[in-house]
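Spelled out, the chains give:
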Amino acid sequence: MLISRDDLRFWDVRTRDRRLRRGEVMMPEILARLAALPDATEKLTFSLPLEEPDERAHERRSVPHIRVTMPPPRDESLDDLDDLDDDDEDDDDDDEVLPLKPLK
């Protein structure tokens, strides 16, 4: 869907830089469009950020305590468990290579 130049979305600030890079609009056109906008100073309002009581602000921003523990030292006596395997006969069966069947 293409947006025409008469549509307000064409002149949206969020897409203006992309349109400039692509060459769809030139800077003199943008400046002329901004100069033609009506004056809206009568709609001007001032606002302040909401303020919170101190106790509530600190309560919400508290940092949880994280306990870091080190892993236990490695028991090297467990490394020899693989050597205790006396069932060598079963290991030979695992080494067989089965022929591949052709796909149908």
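Residues numbered from 1 in each chain as written. Predicted model: local features only at pLDDT ≥ 70, side-chain atom pairs only at ≥ 80, totals over all residues. Heavy atoms only, no water.

**Student:** Got a minute to help me understand the overall build of the protein chain in this structure?
**Tutor:** A count of helices and strands for the protein chain gives 4 helices and 0 strands. Element order for the protein chain, N to C, with α for helix and β for strand: α-α-α-α. (Helix = DSSP H or I, 4+ residues; strand = E, 2+ residues; numbered from the N terminus.)

**Student:** So what exactly am I meant to see when it comes to the packing of aromatic side chains here?
**Tutor:** Centre distance and the angle of the planes are the two values used to describe a pair of aromatic rings. Tallied over the entire structure, the rule returns 1 aromatic pair. Here the aromatic rings of Phe-10 and Trp-11 are separated by 5.0 Å at their centres, their planes lie at 75 degrees, and the arrangement is edge-to-face. (Phe/Tyr/Trp six-rings, centres within 6.5 Å; stacked < 30°, edge-to-face > 60°.)

**Student:** Sorry if this is basic, but what is going on with the pattern of salt bridges here?
**Tutor:** Per the stated rule, a full pass over the model turns up 5 salt bridges. In this structure, the salt-bridge partner of Glu-29 is Arg-5, at a minimum N-O distance of 2.9 Å. Taken together, the positions of Glu-29 in helix α2 (residues 27-35) and Arg-5 in the segment before α1 (13-22) put the pair 24 residues apart, joining distant regions of the chain. Sharing partners across several salt bridges, the network here consists of Arg-19, Arg-22 and Glu-24. (Salt bridge = Lys/Arg side-chain N within 4 Å of Asp/Glu carboxyl O.)

**Student:** Just to check I follow, could you spell out the side chain of Thr-15 for this structure?
**Tutor:** Mapped onto the elements, Thr-15 comes out in helix α1. Those residues within four positions of Thr-15 in sequence are excluded, and the remaining contacts are Arg-9 and Phe-10. (Contact = heavy atoms within 4.5 Å.)

From the geometry alone we can't say anything about function, so treat these as descriptive.
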